[in-house]
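# Inside the fold
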Amino acid sequence: MERTYTMIKPEAVADGNAGKIIARIEAGGYRIVAMKLTHLTQKDAEAFYEVHKERPFYGELTAYMCGGPIVAMVLEKDNCVNAYRQFIGATNPAEAAEGTIRKDFGKSIGENAIHASDSNENAAREVSFFFSERELVG
Ligand code: IDP
Ligand code: MG
């Protein structure tokens with residue numbers, strides 16, 4: 001059984017879409033093994049997205065990600081990391097497949113409703129960024 005890290009981004013939480021998105025995730029067969037509502041500081045956002053430091057949108061991305069509360073979750077399923085990337089859809093909601101979370105809740109390439117880890121290595125890093133081992137249910 002594999003785990004991934006996901007978070008519902010600030011605009012989706014602010015728009016009242018967190019519950020609908022969580023229901024989608026559960027209906028997709030992902031087991032939630034940890035979850036919290038939290039508000040990133042600028043420093044948190046910069047550290048979390050450090051891999052994108054050289055990208056032109058880094059400033060915009062980190063400002064947006066600390067602009068309101070997010071819902072952080074750890075999910076579990078077979079082939080979780082890759083399956084869940086497919087499940088949420090392409091980075092740009094305009095290019096995301098029908099029925100995906102980003103297609104239905106994303107507003108733009110920046111405000112795209114949800115994050116998902118892109119590899120097992122990053123999943124492990126991102127899970128431990130937000131959760132201690134004792135916050136993950138067995
Ligand atoms: P991903 O979230 O699908 O893995 P990444 O390329 O890792 O996409 O980018 C991280 C996040 O940065 C995206 O989810 C999105 O919020 C934001 N982002 C990506 N590309 C752009 C862009 O061209 N303009 C503004 N924000 C962007
Ligand atoms: Mg990414």
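Residues numbered from 1 in each chain as written. Chains lettered and ligands numbered in written order. Predicted model: local features only at pLDDT ≥ 70, side-chain atom pairs only at ≥ 80, totals over all residues. Heavy atoms only, no water.

We now examine the pairing of strand β3 (residues 70–77). Among the eight residues of β3, seven are classified as buried, and the element is accordingly described as predominantly covered. Direction of pairing for strand β1 (residues 2–8) relative to β3: antiparallel, over a ladder of seven bridges. Along β3, the bridge assignment pairs Arg3 with Glu76. Where strand β2 (residues 31–38) and β3 come together, seven bridges link them in antiparallel fashion. By the bridge assignment, Ile32 is partnered in β3 with Leu75. (Buried < 20%, exposed > 50% of the residue type's maximum accessible area, 1.4 Å probe, protein only. Helix = DSSP H or I, 4+ residues; strand = E, 2+ residues; numbered from the N terminus. Pairing = 2+ DSSP bridges.)

Applying the stated rule across the entire model yields nine aromatic pairs. Pairing Phe48 with Phe130 gives two aromatic rings, centres 5.6 Å apart and planes at 65 degrees, and the pair type is edge-to-face. Placement of the pair is Phe48 in helix α3 (residues 42–48) and Phe130 in helix α7 (residues 120–130), with a sequence separation of 82 residues. Side by side, Phe48 and Phe130 carry an identical accessibility label, which is buried. Following the ring pairs from residue to residue traces out a cluster consisting of Tyr5, Phe48, Tyr49, Phe129 and Phe130. Positioned above the aromatic ring of Tyr30 is the side chain of Lys77, whose terminal nitrogen or guanidinium carbon lies 4.3 Å from the ring centre. Above the plane of the ring of Phe48 lies Arg125, whose end atom (NZ or CZ) is 6.0 Å from the centre. (Phe/Tyr/Trp six-rings, centres within 6.5 Å; stacked < 30°, edge-to-face > 60°. Lys NZ or Arg CZ within 6 Å of the ring centre and 35° of its normal.)

Shape descriptors only; they carry no functional weight alone.
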